[in-house]
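# Secondary and tertiary structure notes
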Amino acid sequence: MVKHIILWTLNAELSEAEKTAAKQGMKEGLEGLKGKVPGLLDIVVNIDGRLESSNCDVMLDSTLESAEALKAYSQHPEHVAVANSKVRPYTVQRTCLDFEVK
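What comes next concerns the included structure. These numbers come from a predicted model, not from an experiment.

### Re the overall build of the protein
A count of helices and strands for the protein gives three helices and four strands. Helices (α) and strands (β) of the protein occur, in sequence order from the N terminus, as β-α-β-β-α-α-β. A globule of 102 residues ought to have a C-alpha radius of gyration of about 13 Å, and the protein, at 13 Å, matches this closely. Its C-alpha atoms give the protein principal-axis dimensions of about 40 × 30 × 20 Å. Within the protein, buried positions represent 37% of all 102 residues. Sequence separation of 24 or more characterises 69% of the internal contacts of the protein that already satisfy a separation of 6 or more. Accessible surface, the protein as shown: approximately 6,200 Å² in total, 51% of it carbon and sulfur.

### Brief notes about the sheet that holds strand 4 (residues 91-100)
Sheet architecture is open: four strands sit in the order 2-3-1-4, paired in antiparallel fashion. Of all the strands in the sheet, the pair left with one neighbour each is strand 2 (40-46) and strand 4. Taking each pair of neighbouring strands and ignoring which way they run, the sheet shows an average axis angle of 15°. Inspection of the sheet shows strand 2 paired to strand 3 (residues 58-64) by six bridges, in the antiparallel sense. Residue pairing across strands places Leu 40 opposite Leu 64, the latter belonging to strand 3.

### A short note on the packing of helix 2 (residues 67-75) against helix 3 (residues 77-87)
The N-to-C vectors of helix 2 and helix 3 enclose an angle of 55°; their axes lie 5 Å apart at closest approach. The angle between the axes of helix 2 and helix 3 places the two elements in the oblique class. Every residue of helix 3 that contacts helix 2 at Tyr 73, Ser 74 and Gln 75 is listed here: Pro 77, His 79 and Val 80. Tallied by class, residues from the contact of helix 2 with helix 3 come to three nonpolar, three polar and no charged.

About the criteria used
- Residues numbered from 1 in each chain as written.
- Predicted model: local features only at pLDDT ≥ 70, side-chain atom pairs only at ≥ 80, totals over all residues.
- Heavy atoms only, no water.
- Helix = DSSP H or I, 4+ residues; strand = E, 2+ residues; numbered from the N terminus.
- Rg over C-alpha atoms; globule rule 2.2 N^0.38 Å.
- Buried < 20%, exposed > 50% of the residue type's maximum accessible area, 1.4 Å probe, protein only.
- Contact = heavy atoms within 4.5 Å.
- Areas by Shrake-Rupley, 256 points an atom, 1.4 Å probe, with all protein chains shown as cover.
- Pairing = 2+ DSSP bridges.
- Axes fitted to C-alpha atoms, helices over the stretch in contact; angles between N-to-C directions.
- Parallel < 35°, antiparallel > 145°, perpendicular 65-115°, else oblique.
- Nonpolar A, V, L, I, M, F, W, Y, C, P; charged D, E, K, R; others polar.

In structure tokens:
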């Protein structure tokens, strides 16, 4: 299995209402991929409970069957559509950590 963790920072120019709407859209769009993308076992987007010590706004925590499934996920048309419409327009920084789970 492979863990795919992403941390995003939202665009500081967004209003608080826009940030709230963007985070909700990211959560709904990305979590909606479960059952649609082969090899995607679990996906959770954390948008609540952020402490002031944080330096990012949104976290994706996903589990995939394999490194090959991760590559296919990254190119899957439904994932690309969500990334292009719900994530990229509102974020300015992305940090990724992918690792194998033994």
